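Structural overview
Chain residues, written in single-letter form:
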Amino acid sequence: MTTSKPLSGCVAQYDPNALPVEAAQEIVRQWAMPREQEARVERVERVGLFDALDRVLADDVVSPIDVPAFDNSAMDGYAFAGAALASAPETLQLSVAGTALAGQPFAGEPNAGECVRIMTGALMPAGCDTVVPQELVTREADAVRFSRRAVNAGQNRRLSGEDLARGKPALRAGRIVRASDLGLLASLGIGEVAVRKRLVVAFFSTGDELRSVGETLAPGTLYDSNRYTLFAMLRRLGVDTFDLGIVRDDRASLEKALRQATEAADVVISSGGVSVGDADFTRELMSSLGDVAFWKIAMRPGRPLAFGRLWSGPRAGTGKPALFFGLPGNPVAVMATFYFIVREALLAMSGATPEAALRIGATCIERIRKRAGRTEFQRGIATRDAAGEWRVVTTGPQGSGVLSSMSEANCFIVLEHDRADIEAGEQVNIVPFNGLI
Ligand code: AMP
Ligand code: MG
């Protein structure tokens, strides 16, 4: 997890008071490396299939068998040798020599002029390569009649290995295991896979004004919501979480929390206390604990952000390192910076092959005020119109403290750096919340 290049060098070419989102993402990407230098036993564990959901595959999974393992019927119908179609008159008549059921193959080989009654999934009888669906035939006592145009030679048969071929990678290392993958692994007879150990992420909130759920609110205080949002977003990413609670705005408390977090976790995330007005002890402390830069990112919400590396030892560069994200305090800014700055780093460090969040074009049906020179992530409600096109409106007031805007929205409206005001009817890009995790 170490890089020789100091963080300050990475930002040198940008205005630190208006770091473009893409530049911040790129710097974070360079610093967020999977833990390849650790011994394999440190970063890999084997788990049974039911525990593999949402985990990151540590190795390619090579198929030990062909799936399907044998040629079989894709339909309920009648199996026969397709070559008969070429020389057939307008209507074929075949006598039924027997039956093939799933799990109960037909033992013999039909002769010319014969077919086998077959059900979906049953082994194709010897000499047969074609299935005519039952609804296209006329059945008579022990024979069937059908038009030669009802089927082409080779149709309605699933070939052995057509889903997955033996010896070929069925799933790649870095894949986050989904529902279909669990089924796929089971179809290969694999009951256990090697997955990456979960990344450990410590998080806490800072602020003397914060109270925990269950406490009473005195004037000027408010409930800490960021820890809950962070907890939820982290859980959705499949990392292990370590909650350090609320940390008071004083040097000793912050230092204690940061050291404890760095000791215990791969990544430390805090919220609050990183804007310009905040006590200088934060910066001072960060520089004694590691290499941390305070950025003003050209994004809204989420302008102030601290990023870098902390060390658990007495001095920077000693003890155990952890990547650090000091997110802004405002609740919506926490979510936006998490999704657009932090998320990819956590995936990369987890060993996952990062996939970009899904971006879709939509027609914006209201005017949005926007200043060029920063990327805005507004909260939107996207729907599809009668013609199937996506259209989007904002949720209304876009203050970075309005958390209800996130609950109401189903997408971020991404207004890119160089764009100015958006007129009703213009195209914008949206990132659906469902595509984020
Ligand atoms: P800060 O970045 O610490 O100046 O905080 C910016 C704003 O976000 C202030 O209005 C804080 O009260 C609010 N805030 C900070 N942390 C939290 C939190 N954990 N939960 C809810 N609001 C917070
Ligand atoms: Mg604060």
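Heads up: the structure comes first, above all this text.
Residues numbered from 1 in each chain as written. Chains lettered and ligands numbered in written order. Predicted model: local features only at pLDDT ≥ 70, side-chain atom pairs only at ≥ 80, totals over all residues. Heavy atoms only, no water.

1. Remarks on helix 2 (residues 21–31)
Helical periodicity: at 3.6 residues per turn, an α-helix aligns residues three or four positions apart in one direction. Among the residues of helix 2, Val21, Ala23, Ala24, Ile27, Val28 and Trp31 are the ones counted as buried. For helix 2, the angular spread of buried residues about the axis comes to 165°, placing them on one side. (Buried < 20%, exposed > 50% of the residue type's maximum accessible area, 1.4 Å probe, protein only. Helix = DSSP H or I, 4+ residues; strand = E, 2+ residues; numbered from the N terminus. Arc of directions from axis to C-beta.)

2. Overview of unusual backbone geometry
Cis peptide bonds are those with omega within 30 degrees of zero, and the linkage from Val67 to Pro68 qualifies with -5°. Summarising the element assignment, Pro68 is placed in the loop between strand 2 (61–62) and strand 3 (72–73). For the bond running from Arg300 to Pro301, omega is 0°, close enough to zero to count as cis. Locating Pro301 in the fold gives a position in the loop between strand 19 (299–300) and strand 20 (304–311). One non-glycine residue, Asp54, lies in positive phi territory at about 70°. Mapped onto the secondary structure, Asp54 falls in the loop between strand 1 (44–48) and strand 2. Even without being glycine, Ala141 reaches a positive phi, approximately 20°.

3. Some thoughts on the site of ligand 1
Around ligand 1 lies a shell of 16 residues, among which Glu209, Asp224, Ser225, Asn226 and Gly273 are the nearest. Residue Ser205 places a side-chain N or O atom 3.4 Å away from a nitrogen atom belonging to ligand 1. At 2.7 Å, a side-chain N or O of Asp224 approaches a nitrogen atom of ligand 1. Class assignment for the residues of the shell around ligand 1 results in 4 nonpolar, 9 polar and 3 charged. (Near = heavy atom within 4 Å. Polar contact = N/O pair within 3.5 Å; in protein donor to acceptor, adjacent residues only side chain to side chain. Nonpolar A, V, L, I, M, F, W, Y, C, P; charged D, E, K, R; others polar.)

4. Let's talk about the side chain of Thr318
Position of Thr318 among the secondary structure elements: in the loop between strand 20 and strand 21 (321–327). Here Arg315 takes part through its backbone oxygen, which lies 2.5 Å from a polar atom of the side chain of Thr318. The residues touching Thr318, leaving out its near neighbours within four places in the chain, are Trp311, Ser312 and Gly313. (Contact = heavy atoms within 4.5 Å.)

5. Focus on the nonpolar core
Core analysis: the largest hydrophobic core is formed by 53 residues, its most contacted members being Ile269, Trp295, Phe307, Phe325, Phe338 and Phe412. A domain split of this core shows at least three residues from each of domain 1 (8–43 + 198–349) and domain 4 (360–432). In terms of nonpolar packing, the next biggest core, distinct from the first, is built from 21 residues, Leu244, Val247, Met286 and Phe294 among them. (Core = buried A, V, L, I, M, F, W, Y, C linked by side-chain atoms within 4.5 Å. Domains from an automatic or database assignment.)

6. What to know about the sheet that holds strand 20
The strand order 16-13-17-21-20-18 describes an open sheet built from 6 strands, whose pairing is mixed. Two strands lie at the open edges of the sheet, namely strand 16 (240–247) and strand 18 (290–296), each paired on one side alone. Each adjacent strand pair in this sheet contributes to an overall mean axis angle of 15°, direction not counted. (Pairing = 2+ DSSP bridges. Axes fitted to C-alpha atoms, helices over the stretch in contact; angles between N-to-C directions.)

7. A closer look at the packing of aromatic side chains
Tallying each qualifying case throughout the model produces 10 aromatic pairs. Between Phe307 and Phe325, the ring centres sit 5.1 Å apart and the planes meet at 45°, which makes this aromatic pair tilted. Taken together, the residues Phe307 in strand 20 and Phe325 in strand 21 connect sequence positions 18 residues apart. Each member of the aromatic cluster is reached from another via a ring pair, and the members are Phe338, Tyr339, Phe340, Phe377, Phe412 and Phe433. (Phe/Tyr/Trp six-rings, centres within 6.5 Å; stacked < 30°, edge-to-face > 60°.)

8. Re the layout of surface pockets
When its volume is computed, the largest pocket comes out at roughly 630 Å³. Taken together, 25 residues form the lining of the largest pocket, with Asp54, Ile176, Arg178, Leu347 and Ile437 sitting closest to its centre. Where the lining of the largest pocket is concerned, the elements lending two or more residues are helix 5 (226–236) and helix 8 (331–349). When the residues that make up the lining of the largest pocket are grouped by side-chain class, the tally is 11 nonpolar, 5 polar and 9 charged. Per-domain counts for the lining of the largest pocket show at least three residues from each of domain 1 (8–43 + 198–349) and domain 2 (47–64 + 164–196). Residue lining of the second largest pocket: 19 residues in total, with Gln25, Phe340, Glu344, Ala357 and Arg359 positioned closest to the centre. Taken together, the elements giving at least two residues each to the lining of the second largest pocket come down to helix 2, helix 8 and strand 23 (375–384). (1 Å grid on protein atoms, 1.4 Å probe; cavity = no way out; pocket = protein on both sides within 12 Å on 5 of 7 lines; lining within 4 Å. Points joined across faces, edges and corners; volume = space filled by probe spheres on them.)

9. What to know about empty space enclosed by the protein
For the structure shown, the criterion picks out 2 cavities of 30 Å³ or more. Computed from the structure, the largest cavity encloses a volume of approximately 90 Å³. Lining the largest cavity are 13 residues; nearest its centre among them are Asp54, Val56, Leu237, Gly238 and Ser350. Of the residues contributing to the lining of the largest cavity, the split by class is 6 nonpolar, 2 polar and 5 charged. Two domains each donate at least three residues to the lining of the largest cavity, and these are domain 1 (8–43 + 198–349) and domain 2 (47–64 + 164–196).

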